[in-house]
Amino acid sequence: MALSDRDSYGASILERGLLGIGDRLGLLAGVVVAVSAFTGWYSGTGEGVKVSVIGWDTGYSGKAVFFLGLAVVLVVTMREAGVEPPQSVPQSLVTIFLGSAATIIVLVKAISIPDDYFFAGRGVGIWISLAAAIGVIVAGLLQASEEL
């Protein structure tokens, strides 16, 4: 097998499974979760103008979603750089935990609109956040299957 057919861990591309799709999906979904905190989570009309409230402005939850997305990107980047967490805490478990936390936060915000935004409905940004957070969970599950 040629040197280029092996990744940084010494495993062949075929041994790693689907070309490391879990890491790639985790990186992509983590970036989308972080960026989605700056998209419109709530939108509606208020006194003749269209108003949109970004996730960052919804309080601690929007900021938490942003930092959870950054944490996913950091975890995947560290793995690609060759830094492995302890054996007792597999990287896939960390990714699943971060994705679950982001999913719960976004789901709570999607179900109950805060009273401050009584004039607004759910915007497209909150659905993007939810889909990306679920994507992080799927990425963690794919990483777990790669670790086996």
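The shown structure was predicted, so the numbers you read here are calculated from the model rather than taken from an experiment.

Peer 1: Is there a simple way to think about the side chain of Gln-143 in this case?
Peer 2: Within the secondary structure, Gln-143 is located in helix H5 (residues 124-147). On the basis of relative accessibility, which here comes to 0%, the residue Gln-143 falls in the buried class.

Peer 1: Teacher, can you tell me more about the environment of Ala-29 here?
Peer 2: As for its position among the elements, Ala-29 is in helix H2 (residues 21-36). Sequence-wise, Ala-29 and Val-73 are 44 residues apart; in three dimensions their C-alpha atoms are separated by 8.5 Å. Excluding anything up to four places from it in sequence, Ala-29 contacts Ala-132, Gly-135 and Val-136.

Peer 1: Looking at this structure, I do not really get the nonpolar core. What am I missing?
Peer 2: One broad rule of soluble globular proteins: the nonpolar side chains tend to lie buried together. In terms of nonpolar packing, the biggest core is built from 20 residues, with Val-33, Trp-41, Tyr-42, Val-106 and Ile-126 touching the most fellow members. Among the secondary structure elements, those contributing two or more residues to this core are H2, strand E1 (40-46), helix H3 (60-80), helix H4 (91-111) and H5. Residue contributions to this core peak at five residues, all from H5. With residues near it in sequence (within four places) discarded, Ile-126 still touches Gly-40, Trp-41, Tyr-42, Val-106, Lys-109 and Ala-110.

Peer 1: Hey, could you run me through the packing of aromatic side chains in this one?
Peer 2: Any pair of aromatic rings gets described here by the distance separating the centres and the angle formed by the planes. Here the structure, examined in full by the defined rule, presents five aromatic pairs. Aromatic side chains Trp-56 and Phe-66 sit 5.6 Å apart centroid to centroid with 85° between the ring planes, which places their arrangement in the edge-to-face category. Of this pair, Trp-56 sits in the loop between strand E2 (49-54) and H3 while Phe-66 sits in helix H3, and the two are ten residues apart along the sequence. Ring geometry for Trp-56 versus Phe-67: centroids 6.4 Å apart, planes at 55°, classification tilted. One end of the pair, Trp-56, is in the loop between E2 and H3; the other, Phe-67, is in helix H3, with eleven residues separating them in the sequence. Note on Trp-56: relative accessible area 25%, which makes it partly exposed. Through pairs of rings, three or more aromatic residues link up here, namely Phe-38, Trp-56, Phe-66 and Phe-67.

Peer 1: What should I look at first to understand the pattern of salt bridges in this one?
Peer 2: For side chains bearing opposite charge, pairing can occur when the charged atoms are close. Per the stated rule, a full pass over the model turns up one salt bridge. For Arg-79, the salt bridge is made with Asp-23, and the minimal N-O distance between the two is 3.6 Å. Taken together, the residues Arg-79 in helix H3 and Asp-23 in helix H2 connect sequence positions 56 residues apart. Each member of the pair, Arg-79 together with Asp-23, is buried.

Peer 1: What exactly am I supposed to notice about the environment of Phe-38 here?
Peer 2: Summarising the element assignment, Phe-38 is placed in the loop between H2 and E1. Accessibility expressed as a relative area gives 41% for Phe-38, which makes it partly exposed. The sequence separation of Phe-38 and Ile-54 amounts to 16 residues, and the corresponding C-alpha distance is 5.4 Å. Once residues within four sequence positions are removed from consideration, Phe-38 is found in contact with Ile-54, Trp-56 and Phe-66.

Peer 1: Just to check I follow, could you spell out H5 for this structure?
Peer 2: Residues spaced three or four apart along an α-helix face the same direction, because each turn holds 3.6 residues. Taking 1.5 Å per residue as the helical rise, H5 with its 24 residues ought to reach 34 Å, and the 35 Å between its terminal C-alpha atoms agrees with that figure. Of all the residues in H5, the buried ones are Gly-125, Ile-126, Ser-129, Leu-130, Ala-132, Ala-133, Gly-135, Val-136, Ala-139, Gly-140, Gln-143 and Glu-146.

Peer 1: I would appreciate a short explanation of a nonpolar patch on the surface in the present structure.
Peer 2: A grouping of Leu-27, Val-31 and Val-35 is seen on the molecular surface, where their side chains present a nonpolar patch of about 230 Å² in accessible area. Relative to the assigned elements, Leu-27 resides in helix H2.

Peer 1: Would you take a moment to explain the packing of H2 against H3 for this structure?
Peer 2: The angle between the axes and the distance between the axes are what describe a pair of packed helices. Running from amino to carboxyl end, H2 crosses H3 at an angle of 155°, the nearest separation of the two axes being 7 Å. The angle between the axes of H2 and H3 places the two elements in the roughly antiparallel class. Once H2 is placed against H3, the crossing between them reads as left-handed. The residues of H3 that touch H2, namely those facing Asp-23, Gly-26, Leu-27, Gly-30, Val-31, Val-33 and Ala-34, are Val-65, Phe-66, Gly-69, Leu-70, Val-72, Val-73, Val-76, Thr-77, Arg-79 and Glu-80. Taken together, the residues of the contact of H2 with H3 sort by class into ten nonpolar, four polar and three charged.

Rules of the game
Residues numbered from 1 in each chain as written. Predicted model: local features only at pLDDT ≥ 70, side-chain atom pairs only at ≥ 80, totals over all residues. Heavy atoms only, no water. Helix = DSSP H or I, 4+ residues; strand = E, 2+ residues; numbered from the N terminus. Buried < 20%, exposed > 50% of the residue type's maximum accessible area, 1.4 Å probe, protein only. Contact = heavy atoms within 4.5 Å. Core = buried A, V, L, I, M, F, W, Y, C linked by side-chain atoms within 4.5 Å. Phe/Tyr/Trp six-rings, centres within 6.5 Å; stacked < 30°, edge-to-face > 60°. Salt bridge = Lys/Arg side-chain N within 4 Å of Asp/Glu carboxyl O. Expected span 1.5 Å × (residues − 1). Patch = residues over 30% accessible without salt bridge, like charges linked within 9 Å, V, L, I, M, F, W, Y side chains within 5 Å. Areas by Shrake-Rupley, 256 points an atom, 1.4 Å probe, with all protein chains shown as cover. Axes fitted to C-alpha atoms, helices over the stretch in contact; angles between N-to-C directions. Parallel < 35°, antiparallel > 145°, perpendicular 65-115°, else oblique. Left-handed = near helix turned anticlockwise from the far one by under 90°. Nonpolar A, V, L, I, M, F, W, Y, C, P; charged D, E, K, R; others polar.

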